[in-house]
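Okay, here's what each chain looks like letter by letter:
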Amino acid sequence: MIRSIKKKQSKSKEEIEELQRTQVLNLKDVEETVKYEKSISKKPAMIIAIIGAIFLTLGSTLQIAKTMKKSVEPKVEKREISKEKEIQTVAPVILECQNIQINNPEGTKATFTIDYTFNNYKLTSFTKKYVLEVIEGNQIGPQTIQQYIVGYRDFMNPVNGYTISVTPNETQTILTALVSADLEKIDMTTFPEMQKNHISTSIDYQKDTAFLTIQSDMSSKGFTCEQK
């Protein structure tokens, strides 16, 4: 009985120790399990954190790249092109050239004025005004005027784009010859030779002759030229 009690006591003591060892082992298992679970739970968090950081970095980089791209990209201005092209033209100009001869040997004063009209500085037309006046007290002057009145009759030829008029005053001491020529209309192949022989009726420059060419040439002939 006593032995059985002792056996029971020893047995219970062994069971208690075994139980304690089992509890220790179980506790270690629990601690290992907890550590393992903690490590497992930390890893996804860390991975998620790393991935999040990567995305944040990529997002910032992309945003910066977009901003830089916007700043670098050249601005393209849209310009509307009109269907109808504007043609820039220079307004017509007139070059007035004048020559005055006070004491001609033929007893007259001659005032010669020519107005050249240019479009884009190219000759298109002209007018000539030739005025002869008898020098007061000169005996030859009136005869000269009479000769011109008769002589101009041969210049009265009808030409397309060209007109001429000769008008003496009542006392026939002043004679005015007016010529107007539109070079857009005149056919030079049919222009009368007679008109080419006198400075007051001739066509001295072809159509589209340059402004500076005429200005220079007329100045060399003793005319004073001024643009109007």
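Okay, so let's go over this structure. Note that the coordinates shown come from a computational prediction; the quantities given were computed from them, not determined experimentally. (Residues numbered from 1 in each chain as written. Predicted model: local features only at pLDDT ≥ 70, side-chain atom pairs only at ≥ 80, totals over all residues. Heavy atoms only, no water.)

1. Quick word on the overall build of the chain
Then, in step 1: When you go through the chain residue by residue, the secondary structure sums to three helices and six strands.
Then, in step 2: Counting from the amino terminus, the chain carries its helices and strands in the arrangement α-β-β-β-α-β-β-α-β.
Then, in step 3: The buried share of the chain, reckoned over its 228 residues, is 24%.
Then, in step 4: Pairs at least 24 residues apart make up 56% of the contacts formed inside the chain by residues separated by at least 6 positions.
Then, in step 5: Entry remark: accessible area of the chain is about 17,300 Å², with carbon and sulfur atoms responsible for 57%. (Helix = DSSP H or I, 4+ residues; strand = E, 2+ residues; numbered from the N terminus. Buried < 20%, exposed > 50% of the residue type's maximum accessible area, 1.4 Å probe, protein only. Contact = heavy atoms within 4.5 Å. Areas by Shrake-Rupley, 256 points an atom, 1.4 Å probe, with all protein chains shown as cover.)

2. Notes on helix α3 (residues 211-220)
Then, in step 1: The complete set of buried residues in α3 reads F211, I214 and M218. Taken end-on, α3 shows its buried residues confined to a sector of 70°, consistent with a single buried face. Turned more than 90 degrees from where α3 packs its buried face, L212 and S220 sit exposed.
Then, in step 2: Contacts made by the buried residues of α3 are with β1 (93-101), β2 (108-119), β3 (122-134) and β6 (224-227).
Then, in step 3: Where α3 ends, the next residue or the one after it, G222, has phi of about 95°, a positive value. (Arc of directions from axis to C-beta.)

3. A look at the nonpolar core
Then, in step 1: Counting residues in each nonpolar core, the largest one holds 35 residues, and the members touching the most others are Y116, Y162 and M218.
Then, in step 2: When residues of this core are traced back to their parent elements, those giving at least two are β1, β2, β3, α2 (141-151), β4 (162-168), β5 (174-182) and α3.
Then, in step 3: Aside from chain neighbours lying at most four places away, what touches Y162 is V179, S180, A181, I186, F191, Q195, T201 and I203. (Core = buried A, V, L, I, M, F, W, Y, C linked by side-chain atoms within 4.5 Å.)

4. Notes on the environment of I186
Then, in step 1: Position of I186 among the secondary structure elements: in the loop between β5 and α3.
Then, in step 2: C-alpha separation for the pair I186 and K207, spaced 21 residues apart in sequence, amounts to 9.4 Å.
Then, in step 3: The contact partners of I186, leaving out residues within four places of it in the chain, are N160, G161, Y162, A181, F191 and I203.

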